Amino acid sequence: MKEITLTKMNFQDEVLDSTEPVLVDFWATWCGPCKMIAPVLEKIAEEDKIKVGKVNVDEQMELAVAYGIEVIPTLLFFKNGQIVKKSVGFLEKSEIESIISNL
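Reading the values: rules and limits
- Residues numbered from 1 in each chain as written.
- Predicted model: local features only at pLDDT ≥ 70, side-chain atom pairs only at ≥ 80, totals over all residues.
- Heavy atoms only, no water.
- Phe/Tyr/Trp six-rings, centres within 6.5 Å; stacked < 30°, edge-to-face > 60°.
- Helix = DSSP H or I, 4+ residues; strand = E, 2+ residues; numbered from the N terminus.
- Buried < 20%, exposed > 50% of the residue type's maximum accessible area, 1.4 Å probe, protein only.
- Axes fitted to C-alpha atoms, helices over the stretch in contact; angles between N-to-C directions.
- Parallel < 35°, antiparallel > 145°, perpendicular 65-115°, else oblique.
- Left-handed = near helix turned anticlockwise from the far one by under 90°.
- Contact = heavy atoms within 4.5 Å.
- Nonpolar A, V, L, I, M, F, W, Y, C, P; charged D, E, K, R; others polar.

Draft legend 1. How the structure looks around the packing of aromatic side chains. Overall, the coordinates contain four aromatic pairs when judged by the stated rule. Taking 5.3 Å as the distance between ring centres and 45 degrees as the angle between the ring planes, the aromatic pair formed by Phe11 and Tyr67 counts as tilted. Of the two residues, Phe11 is situated in helix 1 (residues 11-16) and Tyr67 in the loop between helix 3 (61-66) and strand 4 (74-79); the sequence distance between them amounts to 56 residues. Phe11 gets classed as buried once you look at its relative accessible area, which sits at 3%. A residue is classified by how much of its surface remains accessible, and Tyr67, at 22% relative accessible area, is partly exposed. Aromatic pair Phe11 and Phe78: ring centres 5.9 Å apart, planes at 80 degrees, arrangement edge-to-face. Of the two residues, Phe11 sits in helix 1 while Phe78 sits in strand 4, which places them 67 residues apart along the sequence. Its relative accessible area of 1% is what places Phe78 among the buried residues. By the ring-pair criterion, three or more aromatic residues cluster together here, those being Phe11, Phe26, Tyr67 and Phe78.

Written out as structure tokens, the structure is:
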């Protein structure tokens, strides 16, 4: 599965109404840790373990504010339209996979 670019226009359909769990990455182009975690999330998306969506906080400020994003990267894990886990900062692939396996 490919990563999905999320906007306020498609967030409801792609995340809140999704029948499968969704990992949402709040990031920005200028963020060093965001650049470090990006290839990890790409691999996870390719392995089809979970749907992965990306929210550029500079372009989608409304979503960032709506979800109380103060630090990036922030990963929100959604299941049945609800946030079930929140993680702030860089995580190793194994740490993300552990969270996914417990969803």
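More follows now that the structure is in view.
Draft legend 2. Summary view of the packing of helix 2 (residues 32-46) against helix 4 (residues 93-101). Where helix 2 meets helix 4, the closest approach of the two axes is 10 Å, and the angle between their N-to-C directions is 45 degrees. As summarised for this structure, helix 2 and helix 4 are arranged oblique, according to the angle between their axes. With respect to the hand of their crossing, helix 2 and helix 4 are arranged in right-handed fashion. Together, Ile37, Val40, Leu41, Lys43 and Ile44 of helix 2 and Lys93, Ile96 and Ile100 of helix 4 make up the contact between the two elements. When its residues are assigned to classes, the contact of helix 2 with helix 4 shows six nonpolar, no polar and two charged.

Draft legend 3. Just unusual backbone geometry, in detail. A cis amide bond, omega 0 degrees, links Ile72 with the succeeding residue Pro73. Within the secondary structure, Pro73 is located in the loop between helix 3 and strand 4. For Asn80, which is not a glycine, the phi torsion comes out positive at approximately 55 degrees. By the element assignment, Asn80 lies in the loop between strand 4 and strand 5 (82-88).

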